[in-house]
Amino acid sequence: QVQLVESGGGSVQTGGSLRLSCQATGSILSIYAMGWYRQAPGNQRELVASIIPGGDTNYPGSVSDRFTVSMDSAGNTVYLQMNSLNPEDTAVYYCYADINSWRSGRISTYWGPGTQVTVSS
């Protein structure tokens, strides 16, 4: 069984910073990608940032000048450094990982439970 454990959410004022962490544990053969989605009330879940082993990153939205995704050397923990936060960043942030599990024998996407980020003006 694969689990993703998130930490680092909370409440900050506009202009503040937060760092999210997510560690994948369990029956892992290989991790192909990790990253973060977010979902604000009434909105669809959107990809914030992703990273693959080797360090290539992807920021499909408009946060690349404020957010930085990184991965530890073991390749099973992903971080999201968020700077210059504003109220539009308020959302539940979900960690995900594309993992080949030795139990299932196939690549599946696993999700963390989500961590709340609230930015007040």
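Please read all numbers here as calculations on a predicted model, not as lab measurements. (Residues numbered from 1 in each chain as written. Predicted model: local features only at pLDDT ≥ 70, side-chain atom pairs only at ≥ 80, totals over all residues. Heavy atoms only, no water.)

A closer look at the overall build of the chain
Our working rule: Secondary structure elements are defined from DSSP: runs of H or I of at least 4 residues count as helices, runs of E of at least 2 residues count as strands, and each element is numbered from the N terminus. Residues are treated as being in contact if the distance between any of their heavy atoms lies within 4.5 Å. We treat Lys and Arg as the positive residues and Asp and Glu as the negative residues; His and chain ends play no part in the count. Charged groups are reduced to one reference atom each: NZ for lysine, CZ for arginine, CG for aspartic acid, CD for glutamic acid.
Scanning the chain from terminus to terminus reveals zero helices and 11 strands. Reading the helices (α) and strands (β) of the chain from amino to carboxyl end gives β-β-β-β-β-β-β-β-β-β-β. Dimensions of the chain, computed from C-alpha atoms along their principal axes, come out at roughly 45 × 25 × 20 Å. Put simply, 56% of the contacts in the chain that link residues at least 6 apart link residues at least 24 apart. Side-chain charges of the chain comprise 6 positive and 8 negative groups, with the mean position of each set lying 9 Å from the other.

So, unusual backbone geometry
Our working definition: For the exposure calls, accessible area comes from a 1.4 Å probe over protein chains only, and a residue counts as buried if that area is under 20% of its type's maximum, exposed if over 50%, partly exposed in between.
For Ser 84, which is not glycine, the phi dihedral falls at a positive 50 degrees. By the secondary structure assignment, Ser 84 is in the loop between β8 (77–82) and β9 (91–101). Overall, Ser 84 belongs to the partly exposed group, its relative accessible area being 43%.

Section: the environment of Asp 72
The criterion, for reference: N or O atoms within 3.5 Å of each other form a polar contact, as long as, within protein, one can give a hydrogen and the other can take it, and as long as residues adjacent in sequence are counted only when both atoms are side-chain atoms.
Examined against the element boundaries, Asp 72 turns out to sit in the loop between β7 (67–71) and β8. Distance in space between the C-alpha atoms of Asp 72 and Gly 55 is 9.8 Å, their sequence separation being 17 residues. Every residue in contact with Asp 72, bar those within four places of it in the chain, is listed here: Thr 77 and Tyr 79. At a separation of 2.9 Å, a polar atom in the side chain of Asp 72 contacts the main-chain amide nitrogen of Gly 75.

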